[in-house]
Structures are given as structure tokens and as C-alpha cells.
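Tertiary structure, described
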Amino acid sequence: MKHLPIGPLYYEFSRHHEPRLRIEPGETLLVASEDALSGQIRSNADRRDKIKMPYSNPLTGPIVVAGAEPGDALAVTIHAIRPTLGECATRTADPKQLCEWLGTDCPHGTHVCPIRDGLIYWSDSVTIPYTPMLGCIGTAPDWGCPTTAPAGPHGGNMDIIETGPESTVYLPVFVPGGFLYLGDAHAAMGHGELSATGLEMPAETTITVDLHKGKRLTWPRIETPTEIMTIVSGAPMERSIAQAYALLSLWMETEHGWDRWRAYDLLTHVGQISVGYYGIGTVAAKVNKRYLPGR
């Protein structure tokens, strides 16, 4: 199994960086990544220094996949996400839109939590299940270089909690080789990521990257053992929800034998949404696989 260690920290999904790893479709590899805070917080006394490093969510990559061409799709199956330091960190310095109701006197709130035995030790009395996911995963577009702040058709900073072990993330290919990047691992995160910071951690992620020729996608998809979902990002979030459900209806039509209007009707009753960072309007529209064989 190939290993891609932490190297240069990139803050854009760019086709211009020199590839750090070239793989064949179907290869499994271990990818190391720094945390979203660029390694600046390792104790409760540490502070995020945006003068020294103004950007967030550093990426490892790019990974180039042999034979990948525009109009194809990468299928990235996540097998495991392991914390490399045995801890995670968060900060709540800026309540952003919540300050209308909470006020603006939010303390810095640096908080480092140990991880052991499948639990995150938030405090002596509160534990959180270790449910890791990748906040950032995506390919390089053929026009422009989106940063690691937003999400888009290329993937990016989706912050969807289903981007974790046992899930397969489907990403459009825009340039030869795909130029896959990942990072921003979280030990856990709630829907909406209110403070714009999950329980961030440096990590090692084991993935298998497959290539689907001619599988042209307009936005990313995720498949878990029990669900399929489409991801859309943008404000207002109501529009993202509508587009994600429309794309899910079309996916059910093209690959699972449903008429789009019957799928639309069914999703009205059994569809669910998952919310990434609320500030950029990222949502997943999803349906349980048990509904897919029916008509």
C-alpha cells in the first residue's frame, strides 16, 4: 500500500501543483493530513494565529489517477480515519450569525480533547462517540482554483458527516488525472458546524480510488452501506436543498429504474437531509437504499 505523508500544505484545489503521488485505478493508499487549524492548537493555551497562517483546512495532494479524463468520475472509498496524535481540538472565537441572539462577547474557547477507546473526552463528565469524517475532499477544476473555504461541484469543504469510513465519495474529473486532494479530518461534528470548527485533528486516512469512465457528474455524490445522497452547496440553502433533491431524483431515474416524478413523490415522504457548514449552505439529500429496488 502506498503512503502519502504530509508535505506542502495547500489551501486550493489546484491543477497547477506538481503531483505528489500517481496511482492506478483501484489502488489503496494511506494519506496523512494536517488539521484544519494548520497545527497551531495542540493545547488549551494555544491560539490560532491568523497573521502567521491566515488560511484554514490544509490539503494533502494532489493525487493523479492514471487514465482519468474530463467527463469521468473518481470513486473514493474511505476505509478508516485514524487520529495521529490521539487528540482533537476546536475553537469558538467567532459566533458569526449567532451573535444576533448570543451576543458578541464570545471567549476564545480553545478546547483540546483526548481520543481513546472510541470516545472523545470533551470533559470529565461528557464523552462524544468518535465518528470521524473528512471535511475537505475534492478534485481540481479546469478553470480557477477554489480555496478550501467553500464547497462546489468539485467537492471541496463540504463538511458532510457521511464522508467517513465505509462511504464512497464520487467526484467529477475536470482535468487529466483528476488531481485529488483531501484533508480537514474531524473526530466528530454536528450538523451545521455552528462555530465553523469541528473537532479537528491531524489524521491518516486509508482510501481506495477507483475510476468510472464516462460517469459525468455535475455535483458530488456519496454512497454509504445504507444510503445514497447528492451534495449541493450555496446560498440560500433552500435552493441547495431543492437542487440536491432534484439531482437525487435524476440519479434514481438513470441508475435505479425510477421515473423521476415517482422518485420526487417518494422523496417527499422518505427523503432526508444532512447539513454541512450552515454558513455556505451545504446540504446532502439522501434516501435509504431499501427504497431503490421498488418502483
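The preceding data block contains the structure.
Here goes a summary of the coordinates provided. All residue numbers refer to position in the chain's written sequence, counted from 1. This being a predicted model, a pLDDT of at least 70 is required before a residue's local features are given, and a value of 80 or more before pairs of side-chain atoms are given or counted; all residues contribute to the totals for chains, interfaces and linings. Note that the side-chain values use all heavy atoms of the structure and ignore hydrogens as well as water.

The next point concerns the pairing of strand β14 (residues 180-186). Partly exposed describes any residue whose relative accessible area lies between the buried limit of under 20% and the exposed limit of over 50%, with all areas from a 1.4 Å probe on protein chains only and scaled to the type maximum. Secondary structure elements are taken from DSSP: a helix is a run of H or I of four residues or more, a strand is a run of E of two residues or more, and numbering for both begins at the N terminus. Buried residues dominate β14, accounting for seven of its seven residues. Two strands pair if DSSP finds at least two bridges between them. For strand β4 (residues 59-65) and β14, the ladder comprises three bridges, and the chain directions are antiparallel. Pairing of T60 across the sheet is with L182, part of β14. When strand β10 (residues 133-139) meets β14, the two strands line up antiparallel, connected through six bridges. Each bridged residue has a counterpart across the sheet, and for M133 the counterpart in β14 is H186.

The general pattern is negative phi for most residues beyond glycine and trans for most peptide bonds. Cis rather than trans, the peptide bond between G61 and P62 has omega equal to 0 degrees. As for its position among the elements, P62 is in strand β4. The peptide bond linking A235 to P236 adopts the cis configuration, its omega dihedral lying at 0 degrees. Residue position: P236 is located in the loop between β17 (227-233) and α2 (237-256). At S38, a position not held by glycine, the phi torsion is positive, near 60 degrees.

Below, the discussion takes up the packing of α2 against helix α3 (residues 260-270). Between α2 and α3, the least distance of the axes is 8 Å, while the angle of their chain directions is 125 degrees. Comparing their axes, α3 and α2 come out oblique. Remark: the crossing between α2 and α3 carries right-handed chirality. Residue-level inspection shows Y245, L248, S249, L250, M252 and E253 of α2 in contact with α3, the latter providing R260, A263, Y264, L266 and L267. Residues were grouped as follows: Ala, Val, Leu, Ile, Met, Phe, Trp, Tyr, Cys and Pro as nonpolar; Asp, Glu, Lys and Arg as charged; and all remaining residues, including Gly, as polar. Residues of the contact of α2 with α3, tallied by class, amount to eight nonpolar, one polar and two charged. Only the stretch in contact is used when fitting a helix axis, every axis being a line fitted to C-alpha atoms; angles between N-to-C directions are given from 0 to 180 degrees. The scheme is simple: roughly parallel for angles under 35 degrees, roughly antiparallel for over 145, roughly perpendicular for 65 to 115, oblique for anything else. Throughout, a crossing is termed right-handed when the near helix is turned clockwise from the far one, and left-handed when it is turned anticlockwise from it by less than a right angle. Throughout, a contact is declared for two residues whenever any of their heavy atoms are within 4.5 Å.

By secondary structure assignment, the location of E34 is in the loop between β3 (27-33) and β4. One polar contact links E34 to R42, side chain to side chain, over a distance of 3.1 Å. Here a polar contact is recorded for every N or O atom pair within 3.5 Å, except that within protein the pair must consist of a potential hydrogen donor and a potential acceptor, and residues adjacent in sequence are included only if both atoms are side-chain atoms.

Looking now at the environment of L29. For L29, the location among the structural elements is in strand β3. You can call L29 buried: its relative accessible area is 0%. Apart from residues no more than four positions distant in its own chain, L29 is found in contact with M1, K2, L21, I23, I63, T205, T206, I207 and V209.

This part is about the side chain of D72. Its location among the elements puts D72 in the loop between β4 and β5 (73-83). Its relative accessible area of 5% is what places D72 among the buried residues. Among the polar contacts listed, one links the side chain of D72 to the side chain of K213, at a separation of 2.7 Å. When near neighbours in sequence (up to four residues on either side) are disregarded, D72 contacts G67, L171, P172, V173, L211, H212, K213, G214 and K215.

Moving on to the sheet that holds strand β19 (residues 282-288). Taken together, nine strands build an open sheet; the order of strands is β1-β3-β15-β5-β13-β16-β17-β19-β18 and the sheet is mixed. Among the strands making up the open sheet, the edge pair consists of β1 (2-4) and β18 (272-275). Averaged over neighbouring strand pairs, the angle between their axes works out to 25 degrees when direction is ignored. Pairing of β17 with β19 involves seven bridges; the strand directions are antiparallel. Residue pairing in the sheet places S233 in a bridge with T282 of β19. Here α2 sits on the sheet in contact with β16 (221-223), β17, β18 and β19, set at roughly 140 degrees to β17.

Here a ring pair, both rings aromatic, is described through the centre-centre distance and the interplanar angle of the planes. Between rings of Phe, Tyr and Trp, where Trp is taken as its six-membered ring, a pair exists when centres lie within 6.5 Å; planes separated by under 30 degrees are stacked, by over 60 edge-to-face, and by other angles tilted. As enumerated under the stated definition, the model contains five aromatic pairs in all. With a centroid separation of 5.8 Å and 80 degrees between ring planes, the pair formed by F13 and Y181 is classed as edge-to-face. A residue pair is termed long-range when its members are at least 10 positions apart, and F13 in the loop between β1 and β2 (21-23) and Y181 in strand β14 qualify at 168 residues. With respect to burial, F13 and Y181 carry one shared label: buried. Among the aromatic side chains, those forming a connected cluster through ring pairs are Y10, F13 and Y181. Criterion for a charge above a ring: Lys NZ or Arg CZ within 6 Å of the ring centre, and within 35 degrees of the ring normal. The positively charged end of R116 is found above the aromatic ring belonging to Y121, 4.0 Å away from the centroid. Positioned above the aromatic ring of Y170 is the side chain of K215, whose terminal nitrogen or guanidinium carbon lies 5.6 Å from the ring centre.

So, on to the nonpolar core. Within soluble globular proteins, side chains that are nonpolar tend to cluster in buried spots. Residues belong to a common nonpolar core when they are buried Ala, Val, Leu, Ile, Met, Phe, Trp, Tyr or Cys residues joined through side-chain atoms within 4.5 Å. Of all hydrophobic cores here, the largest spans 40 residues; its most connected members are L74, I120, I137, L180, M201 and I207. Ranked by size, the runner-up nonpolar core spans 18 residues in total, among them L248, W258, L266 and V283.

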